[in-house]
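Survey of secondary and tertiary structure
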Amino acid sequence: MPPVLSTPAASAALYAQLVQGKKGLEAVEALGKLLAHIEQNLSRRGTAYLAGDTKSVADMVVWGTLFPVFQDETSLPSELQALRTWFQSMTLLDACRKAADSVLMPKALLEFKSYLQKQPPPCLAMERATSNEPEEEEGSERALTEEEITAAADAWAHGAAALPKPWQPQKPVLPVEGMRNVLITSALPYVNNVPHLGNIIGCVLSADTFARYCRLRNWNTLYVCGTDEYGTATETKAVEEGLTPQEICNKYNAIHADIYRWFDISFDYFGRTTTPYQTTIAQDIFQRLLARGFLLQDTVEQLRCEDCQRFLADRFVEGTCPFCSYEEARGDQCDKCGKLINAVELKNPQCKLCRGVPVVKPTQHLFLDLPKLEEQLEPWLEQSWATGDWTANARYITRSWIRDGLKPRCITRDLKWGTPVPLDGFRDKVFYVWFDAPIGYLSITANYTDQWERWWKNPQQVDLYNFMAKDNVPFHSVIFPCSLLGADDNYTLVNHLIATEYLNYEDGKFSKSRGVGVFGDMAKDTGIPADIWRFYLLYVRPEGQDSAFSWSDLMLKNNSELLNNLGNFINRAGMFVCKFFGGTVPNMVLTLDDKRFLARVTLELRQYHQLLEKVRLRDALRCILSISRHGNQYIQVNEPWKRIKGDEKDRQCAGTVTGVAVNMASMLAVLLQPYMPGVSLAIQRQLCIPPECFVLSHDFTCTLPPGHRVGTVSPLFQKLENDQVEALRKRFGGGQVKPSPAPATVVAPGDPQLIQELTEEVAKQGNHVRQLKANKAEKAQVDAEVAKLLELKKQLALAEGKSPEVPVPKGKRKK
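Residues numbered from 1 in each chain as written. Predicted model: local features only at pLDDT ≥ 70, side-chain atom pairs only at ≥ 80, totals over all residues. Heavy atoms only, no water.

Description of the side chain of S477
Definition in use: In this text, helices come from DSSP runs of H or I with a minimum length of four residues, and strands from runs of E with a minimum of two, each type numbered from the N-terminal end. Note on classification: 1.4 Å probe, protein chains only; a residue is buried when its accessible area is under 20% of the maximum for its type, exposed when over 50%, partly exposed between these limits. Only heavy atoms matter for contacts: two residues are in contact if any of them lie within 4.5 Å across the pair.
With respect to the helices, strands and loops of the structure, S477 is situated in helix α19 (residues 473–487). Assessed through its relative accessible area of 0%, S477 is described here as buried. Ignoring any residue separated from it by four or fewer positions in sequence, one finds S477 in contact with L377, W380, L381, W390, T398 and L497.

Here you go:
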């Protein structure tokens, strides 16, 4: 721990400063250092708690210091993902919750929270302290240096000639000696269903945004994906629809491809796993593991349905979870608690094919000897964590697997639809999908180019990024790397594992069967353009914790951030050129204030790069919006529409402001391309931006010089009306009234499971209310959500055996 909180006494001293308001700025700075240290400690160690994988006095002391200031994890800076997760888990503990209920909240603490939220992210402040780079990320929160102002003016003067020339890779894209070669994969979506918005942001859209950024940086980039087509899920879907597994694969592969095409996902190749290459490569890896002694044979107890005359693979079984008692748990994993389970552990199992009761019988299977591979896995993980960018949840999930001790993992299944096992005695079995599916990255690349090994057996030259939701992490961070390490064939292993949390829909979950939520094949029928969907999904991307799609918030962000901020600035800049200067960019004579403005924009631009290089897509998007806000303020302060009517000096000022603004719009077109490629192209066409200027630089340069002619300028965005959004909300709400909490008469006091569920619901609803208030939602909507929160709190009090308190009206006090 840093000196600021190295002991409980030091913690108490800092807390006293915060409460009493003494040395306020010093206390805030100290707290910022603490937050940065905790984030670094949790992220690098990959542990659940400050001192290891179990709670300690340090956790309680630090949580007790932070809670009065922040109250919940959403008040912490969004950049501190590991800290947010730790803080949430601590707050949910019974002891901490009871302590929180009794803590007085002086108003002074809320002032500190407001102050902290305006400061540069503590994690970035920490990085500055250990580097020689200028303090770029503070943006408008600090004064500019003379050197920065001069450098910005010089970069501007160099113009488009200073930009790197856009890189045009060969086809097929192959690694190039001396270049940065970036290989990007997104988790292969199951072919048996239609992806919803959460699936899209969790994998393909996040990967696409980063791939587009890489290409704009002139990095030699290959982005591959495809449908995961083997396994029980496909067989189950085939039975449901009365088709063969291959017919199901053909049908849904086309649906997936069409959805991603509409969302403008820029795959270099979108393939599938049901190919000869998949069989060849998977069987080769298997044979190499077998030859090196990393496979085991064992007899296992497995559920067999006598009515169907077959052993049941995991997904052909449903039952009650042995851990959380969820009644619809699958035979491989519980969707509620997330724990991996064996089908024979299920209570009250049922065959999904005939609804009969299966019996347990012995059968032979092959296992990957993970304990034997652990001695290779751990040093590789340490090296990858030290040099790569793994999200905090990816580190934590991986560390928890290793902490619990790796066990042999079954890699075969009693199925017909899959990659055949090439070993006598097992030829009637296929590979388990989680051994087989990640190999799909290799086989899909092999279908793209016969030189696939230049990407996948070339760790010296290739930088590999895996994108996925958090439930896929163990298979990409433990099982698949162990398979490749054991195969010992110089395979490229993941350098950067980027995992999101979950995106929920409004107050619940997506459900195709109940008609709840927007699925990929429905989005294009809403009348809302694909780029608006892309923008909003990336704006609420669940980077540090679960987030939720909200129709009201979508409308708010479209109308405020896109229409009134970004679109307004770009349209004004272009229109001023057309209206006041005949469609030609005017001469520009920069004043000191103009040069300061260039320097300010340059700082935002560099923060955009800094964030995207760390794959913090959501935060980098906010840099774009911040730049356009700066632009609107620049125009508003200088009022070129008035100055154009004044004397020569005023007209010169109007020309300079207009020229700088339209060049800023040109830069925004490039910055937007990873996020909103259609809007980016529209700006490029309206402003006639030369193709050679469509490349990212770390400097704000004059790419549209005096004399450059722009085209026809028109609005980029349309307003979303409340009636339109409400109609869509009803359409995708499943036509069901959301269930109210159970009446007080049926709440059973003392039920631990009920108390836990209600505690989580109260926390979730509380966060939702705070978000609505922060976004200045309509009062009626806020009041309705507050009423839900109060009702949930009432139910929680009853469950705990307490008497629910009646809310006190504002302005009155309880006696």
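Still more ground to cover, so stick around.
Some words on helix α4 (residues 81–91)
Most of α4 is tucked away, with eight of its eleven residues classed as buried. When we look at burial in α4, the residues that qualify are Q81, A82, L83, R84, W86, F87, M90 and T91.

Overview of unusual backbone geometry
Trans peptide bonds make up the majority, and among non-glycine residues the majority have a negative phi. Residue P172 is bonded to the preceding K171 through a cis peptide linkage, with omega at -5°. Tracing the backbone through its elements, the reader meets P172 in the loop between α8 (146–158) and β1 (181–186). The backbone phi angle of D488 is positive, close to 55°, even though this residue is not glycine.

A word on the sheet that holds strand β6 (residues 317–320)
Where we set the bar: Whether two strands pair depends on DSSP finding at least two bridges between them.
Strand order in the open sheet made by the three strands is β7-β6-β8, with antiparallel pairing throughout. Only two strands of the sheet have a single partner each, and these edge strands are β7 (329–330) and β8 (347–351).

A closer look at the state of the cysteines
Basically, it comes down to this: Two cysteine sulfur atoms form a disulfide, by the criterion used here, when they sit within 2.5 Å.
As enumerated under the stated definition, the model contains zero disulfides in all. No disulfide involves C334; its nearest neighbouring cysteine sulfur is the one of C324, lying 3.6 Å away. The closest cysteine sulfur to the non-disulfide-bonded C693 is located on C702, 9.4 Å from its own sulfur.

What about the side chain of N218?
The condition is simple: Polar contacts, as counted here, are pairs of nitrogen or oxygen atoms within 3.5 Å of one another; within protein the pair requires one atom able to donate a hydrogen and one able to accept it, and residues that are adjacent in sequence qualify only if both atoms are side-chain atoms.
Locating N218 in the fold gives a position in the loop between α10 (204–216) and β2 (220–227). For N218, a relative accessible area of 15% translates into the label buried. Engagement of the side chain of N218 in a polar contact is seen with the backbone oxygen of K165, the distance being 2.8 Å. When sequence neighbours within four positions are dropped, the list of residues in contact with N218 reads P164, K165, P166, W167, M179 and V695.

Examining the packing of aromatic side chains
Note the following rule: The criterion for an aromatic pair is that two Phe, Tyr or Trp rings (for Trp, the six-membered ring) have centres within 6.5 Å, with stacked assigned to planes under 30 degrees apart, edge-to-face to planes over 60 apart and tilted to the rest. Consider the ring centre and the ring normal. A charge sits over the ring if Lys NZ or Arg CZ is within 6 Å of that centre and within 35 degrees of that normal.
Per the counting criterion, the structure on display carries 32 aromatic pairs. Ring plane angle 80° and centroid distance 5.9 Å describe the contact between Y260 and F267, whose orientation is recorded as edge-to-face. For Y260, a relative accessible area of 3% gives the class buried. Here F267 falls in the buried class, since its relative accessible area comes to 18%. Three or more aromatic residues link up through ring pairs in this structure, and these residues are Y505, F510, F519, W533, Y536, F549, W551 and F732. Here R304 stacks its cationic end above the ring of F311, 5.2 Å away from the centre of that ring. It is R622 that lies over the ring of Y539; its NZ or CZ is 3.9 Å from the centre.

Some thoughts on the sheet that holds strand β13 (residues 462–469)
Applicable threshold: The axes are straight lines fitted to the C-alpha atoms, using for helices just the contacting stretch, and the angles between their N-to-C directions are given from 0 to 180°.
Reading across from one edge, β3-β2-β1-β13-β14 is the order of the five strands in this open sheet, with parallel pairing throughout. Of all strands in the sheet, those bounded by a partner on one side alone are β3 (269–272) and β14 (496–500). Adjacent strand axes in the sheet meet at a mean angle of 20°, parallel and antiparallel pairs treated alike. Note that β13 and β14 share five bridges and pair parallel. Bridged to F467 within β14 is I498.

A look at the environment of G520
In this fold, G520 is placed in helix α20 (residues 520–523). You can call G520 buried: its relative accessible area is 3%. Sequence spacing of G520 and D258 is 262 residues, and the spatial spacing of their C-alpha atoms is 9.2 Å. Every residue in contact with G520, bar those within four places of it in the chain, is listed here: V194, P195, H196, I200, I259 and F263.

A short note on the pattern of salt bridges
Keep this limit in mind: For salt bridges, the criterion is a side-chain nitrogen of Lys or Arg within 4 Å of an Asp or Glu carboxyl oxygen.
In this structure the tally under the stated criterion is 40 salt bridges. Taking the shortest distance from any N to any O, the salt bridge between D463 and R180 comes out at 2.7 Å. Separated by 283 residues along the polypeptide, D463 in strand β13 and R180 in the loop between α8 and β1 bring together distant segments of the chain. Taking relative accessible area as the criterion, D463 reaches 17% and is therefore assigned buried. You can call R180 partly exposed: its relative accessible area is 30%. Between R261 and D258 there is a salt bridge; the shortest N-O distance is 3.4 Å. Here R261 and its partner D258 are both found in helix α12 (residues 245–262), three residues apart, which amounts to about one turn of the helix. On the accessibility criterion, R261 (56% relative accessible area) is exposed. The partly exposed category is assigned to D258, whose relative accessible area is 32%.

Shape is all these values report; function is a separate question.
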